[in-house]
Structure formats: structure tokens, C-alpha cells
Amino acid sequence: MIPNQPDVTNKIFGLDLMRVVAVLMVLGSHSLWLYPQHRNLLTKALDFSGFIGAEIFFVLSGFLIGSSLFRLYMKPAYEKGSAWRFLRRRSVRVMPNYLLILVVNLLVAAILGYSVAEPFRYFVFLQNLATPMLPFFPESWTMPVKELTYVMLPFILFGLALFLKVARCKLLLFATISLILFSVAAKTIFHLQHPGIGLIEWNIALRSVVIYRIDAVLIGIVFSYIYLQHPSLWKKNRFPTAVVGAIFMGSIVSAIALFNIDIGAFPIFWNILLLPLMSISLALFLPLLSEWKRSAGGLEVPVHFIGRISYALYLVHYSLVLFLLKYFVDTSLLSLGELHICALIYLTVSLALAWLIYTFYEKPLLRFAAMKT
């Protein structure tokens, strides 16, 4: 999930809407845990929406953080200390919420008698670096994908600027595209080493592993480069690029849902092509949404509200709220109406808890950190 960004991005309605759509897609998808015996076209759509929502997180995060890093890198005074300061500011936004929910999850696991293997890996974002995600705190898999990318890139950029006398903008683009190609190459090697992989294994061993997924974040960074280097082109083509993105996305969904492009028959598509194509499709909506400054309707208040609490909402909704609800309530014995009530409780408690964390923990810490800088 994407922590709250600097005010300049928070005020752009379209980007907040993108963030809110992503988190609601994930919440809707995870709510299906309450309905294991009810499968229809709607539940399949909700399940797939969770996949799309997670991919939106990566692309949007790369665009927002990439814009900040690009502006910093273009300054003549950029050096190793600049990279450390970038990471320090990033950690202030990311770590307090993450560590709080991680510790609470560990306490809940201990109270309920669950054994957590190698919990130290979660504290340093190494739970899914090059191996399948551990079963504990499963929604945290997105955090290492983003944060380890942001750890690597500033120092790679510093090294390139130190040894290559080339325009900084070109160095950033070169580094980003090189890392994208590395990630695609890693997926290609995975494909060759895992013939006949099933969808469940694909989801755990490829889709959720850092070295195979950093390209999603980096594609967002490439689009931030276009946004900053070619602003007139960006604005002028915002509608055509959104149309192309919709066509790409529609083609991917149609290929999977309507034409039965399954992983068994088309492993190259799933292992190598699907995820980068999904990232590019979603990134093509960025020009339109980044230029959508204000909402003309009544959506602005709820969108900005959920946008502000979205990071906390993502962290608490599954392993805490939904897991505990499932632990204490045997939903297999409930009627469909009762399951709907459970789903409403799950969403309400998740929103309320996220608001409390944002209001009394995240926001005060961010204000304190801002006073210190």
C-alpha cells in the first residue's frame, strides 16, 4: 500500500481516486474469505479486482515517489548524503504504521498460539525478497516490493552520477529501464525453471516475490520521468493514453476471463508478459488522473478521507480485522444474510480502526517529523 504522499500529490483528486479504488478493490477481494461456498461471476470479478488493486499500488507509488526522487536527483548537490536523506524521509512515512501493525500482529499470533517463522525478516522487508512469501502477515508482501526498490535506486543513481558524466535525466532513465529488464529477465529464468507451474504456486512464488516484481514500481517511475521531462506531451495526450490503457486492460481481462488464456496452456504469457503488461496498462491512466485536479461532484470529501487513511486501512484490514473475525466466528454456519452483516462489520471496523491510527498515531508522527526537518 502507498503511504500518504507530500501535500502536492494529496491535493490531486485523480491520484487520490486511483489510490482509493485500489484499496477498495483489495478490501472487496479479501472479503470473499467470508464467502468460500458462494462462487459466481461477481465473486470472480471481485477476486480479480484484488489483483488489479495491488498492481495499482505499485504503479502509483512508483509515479509519486519517482517524481520526488527525480526532482532530488536533478539537483547539482545530489550525493550519497542526499540518498540517505531521501531514505530517511521515506522511512518516516512508511515505518511507523508498518512497525505498529507488525508488532500487533506478532502479539496477536503469540496470544492465539501461532508460531511465526523468522519474524526478524519482516522488520527489514526480507520476507519475500527472492523466495515465496511467508504465511504470516500475508498482505505485507507489497511493502518489500516498493521499499527495497526505493532503497536500491537512490544509491545506484549516486554511483552512476559519480562515474558517468552524462545528463542526470538520462542516467535515471537508464538505471530504471535496466532494473526493469533485470526483473523481466528474472521472470524469464523463473519460467524456464518452473515448467507446468499452477496458478496458486504462480501467485505465491512469482507474483509476490520482490525480484520478479520491482518492474511494476519502476514502470511508474518511468512515467514520472515522462511527466517531469515532457509536461506538455503528458497533458496533451492524457485522453488518448487513457483510452489505450483501457484497451490494454480490457484485452488482458478478456484474454483471461473470456478466452480462457490459462497458465497451463500459456505459461509464457503468465510468467513473463502478464504482470509488465498490467503495469503498463495501469500507468497509461496516470496522465489523465494526474491532471484531474478537483472533483466536480460530491466525491471529493469521501475520496480524500479514504485516501488519507488508505495506508493504515491496507495494513489492518486483513491479518487483524478479517482474520480475527474469522477466528472467532464460524462463518460456515451462517446464512447469506448473516454473511453480509459480517462483511459490513469487517468493512466498518477496518475503516474505523484505520481512522483511529491515522488520526492519533500516523498524523501526529508526520507532523512531528516535519517539525524536525
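Residues numbered from 1 in each chain as written. Predicted model: local features only at pLDDT ≥ 70, side-chain atom pairs only at ≥ 80, totals over all residues. Heavy atoms only, no water.

## Quick look at the overall build of the chain
- A count of helices and strands for the chain gives 15 helices and 0 strands.
- Scaling as 2.2 N^0.38, a compact globule of 373 residues should have a C-alpha radius of gyration of about 21 Å, and the chain matches this with 21 Å.
- Of all 373 residues assigned to the chain, the portion counted as buried reaches 50%.
- Expressed as a percentage of contacts within the chain between residues at least 6 apart in sequence, the contacts between residues at least 24 apart total 80%.
- Of the roughly 17500 Å² of accessible surface on the chain, 72% is carried by carbon and sulfur atoms.
- In the chain, the 30 positive side-chain charges and the 16 negative ones have mean positions that sit 13 Å from each other. (Helix = DSSP H or I, 4+ residues; strand = E, 2+ residues; numbered from the N terminus. Rg over C-alpha atoms; globule rule 2.2 N^0.38 Å. Buried < 20%, exposed > 50% of the residue type's maximum accessible area, 1.4 Å probe, protein only. Contact = heavy atoms within 4.5 Å. Areas by Shrake-Rupley, 256 points an atom, 1.4 Å probe, with all protein chains shown as cover. Lys, Arg positive; Asp, Glu negative; His and termini not counted. Charge placed at Lys NZ, Arg CZ, Asp CG, Glu CD.)

## Examining helix α4 (residues 80–112)
- Relative to the 48 Å expected for 33 residues at 1.5 Å per residue, α4 spans 45 Å between its end C-alpha atoms, a close match to the ideal helical length.
- Approximately 40 degrees is the largest bend angle found in α4, and it occurs at Met 95, with the proline Pro 96 only one to four residues beyond.
- Where α4 begins, the capping side chain belongs to Glu 79, and its oxygen is found 2.7 Å from the backbone nitrogen of Gly 81.
- Looking at the residues trailing α4, positive phi occurs at Gly 113, about 85 degrees. (Expected span 1.5 Å × (residues − 1). Bend = angle between axes of the 7 residues up to and from the residue. Polar contact = N/O pair within 3.5 Å; in protein donor to acceptor, adjacent residues only side chain to side chain.)

## What about a nonpolar patch on the surface?
- A contiguous nonpolar patch, built from Leu 99, Val 103, Leu 107, Ile 111, Phe 123, Val 124, Leu 126 and Leu 129 and spanning about 670 Å² of accessible area, is present on the exposed surface.
- The element best represented in the nonpolar patch is α4, accounting for 4 residues.
- By the element assignment, Val 124 lies in the loop between α5 (120–123) and α6 (142–163).
- By relative accessible area, Val 124 is classed as partly exposed at 44%. (Patch = residues over 30% accessible without salt bridge, like charges linked within 9 Å, V, L, I, M, F, W, Y side chains within 5 Å. Salt bridge = Lys/Arg side-chain N within 4 Å of Asp/Glu carboxyl O.)

## Examining the side chain of His 191
- As for its position among the elements, His 191 is in helix α7 (residues 168–193).
- For His 191, a relative accessible area of 15% translates into the label buried.
- A polar atom in the side chain of His 191 sits 2.9 Å from the side chain of Asn 271.
- If near-sequence neighbours (up to four positions away) are discounted, His 191 is found in contact with Pro 267, Ile 268, Asn 271 and Ile 272.

## Things to note about the environment of Leu 171
- Here Leu 171 lies in helix α7.
- Each C-alpha atom, one on Leu 171 and one on Ile 189, is 27 Å from the other, the two residues being 18 residues apart in sequence.
- Non-local contacts of Leu 171, meaning those with residues more than four positions away in its chain, are made with Tyr 73, Leu 157, Leu 160, Ala 161, Leu 164 and Val 166.

## Remarks on the nonpolar core
- One finds Tyr 98, Trp 202 and Leu 286 to be the most contacted residues of the largest nonpolar core, which totals 117 residues.
- With 15 residues, the single largest contributor to this core is helix α3 (residues 41–73).
- Trp 202 has contacts with Phe 51, Ile 197, Arg 207, Ile 263, Trp 270, Asn 271, Leu 274 and Leu 275, leaving out every residue within four places of it along the chain. (Core = buried A, V, L, I, M, F, W, Y, C linked by side-chain atoms within 4.5 Å.)

## A word on helix α2 (residues 13–30)
- End to end, α2 covers 26 Å across 18 residues, agreeing with the expected 26 Å (1.5 Å per residue, within 8%).
- With 14 of its 18 residues buried, α2 lies for the most part within the structure.

## Some details on the environment of Tyr 314
- Relative to the elements of secondary structure, Tyr 314 occurs in helix α14 (residues 300–328).
- With 90 residues separating them along the chain, Tyr 314 and Ser 224 place their C-alpha atoms 24 Å apart.
- A distance of 3.2 Å separates a polar atom in the side chain of Tyr 314 from a polar atom in the side chain of Thr 142.

## Overview of the pattern of salt bridges
- A complete count under the given rule lists 9 salt bridges for this structure.
- Residues Glu 79 and Arg 85 are paired through a salt bridge, measuring 3.5 Å at the closest nitrogen-oxygen approach.
- The residue Glu 147 makes a salt bridge to Lys 146 at a minimum N-O spacing of 3.6 Å. Taken as a pair, Glu 147 and Lys 146 share a single burial class, namely buried.
- One network of salt bridges, in which partners are shared, links Glu 55, Arg 207 and Arg 213.

## Concerning unusual backbone geometry
- Despite not being glycine, Glu 118 shows a phi value in the positive range, around 50 degrees.
- Here Glu 118 is to be found in the loop between α4 and α5.
- Glu 118 gets classed as partly exposed once you look at its relative accessible area, which sits at 37%.
- Of note in this structure, Asn 260 is not a glycine but carries a positive phi near 55 degrees.

## Focus on the packing of aromatic side chains
- Within the structure shown, the criterion is met by 23 aromatic pairs.
- Between Phe 70 and Tyr 225, the aromatic rings sit 5.8 Å apart at their centres with planes inclined by 80 degrees, giving edge-to-face as the arrangement. With Phe 70 in helix α3 and Tyr 225 in helix α9 (residues 210–229), this residue pair connects regions lying 155 residues apart in the sequence.
- Between Trp 202 and Trp 270 the ring centres are 5.2 Å apart and the planes differ by 85 degrees, which places this aromatic pair in the edge-to-face class. Here Trp 202 is found in helix α8 (residues 199–207), whereas its partner Trp 270 is found in helix α12 (residues 267–283), with 68 residues between them in sequence.
- Here a set of aromatic residues connected by ring pairs shows up, and it is made of Tyr 98, Tyr 122, Phe 125, Phe 136 and Phe 137.
- The ring of Tyr 73 is capped by Arg 168, whose NZ or CZ atom sits 5.1 Å from the centre of that ring. (Phe/Tyr/Trp six-rings, centres within 6.5 Å; stacked < 30°, edge-to-face > 60°. Lys NZ or Arg CZ within 6 Å of the ring centre and 35° of its normal.)

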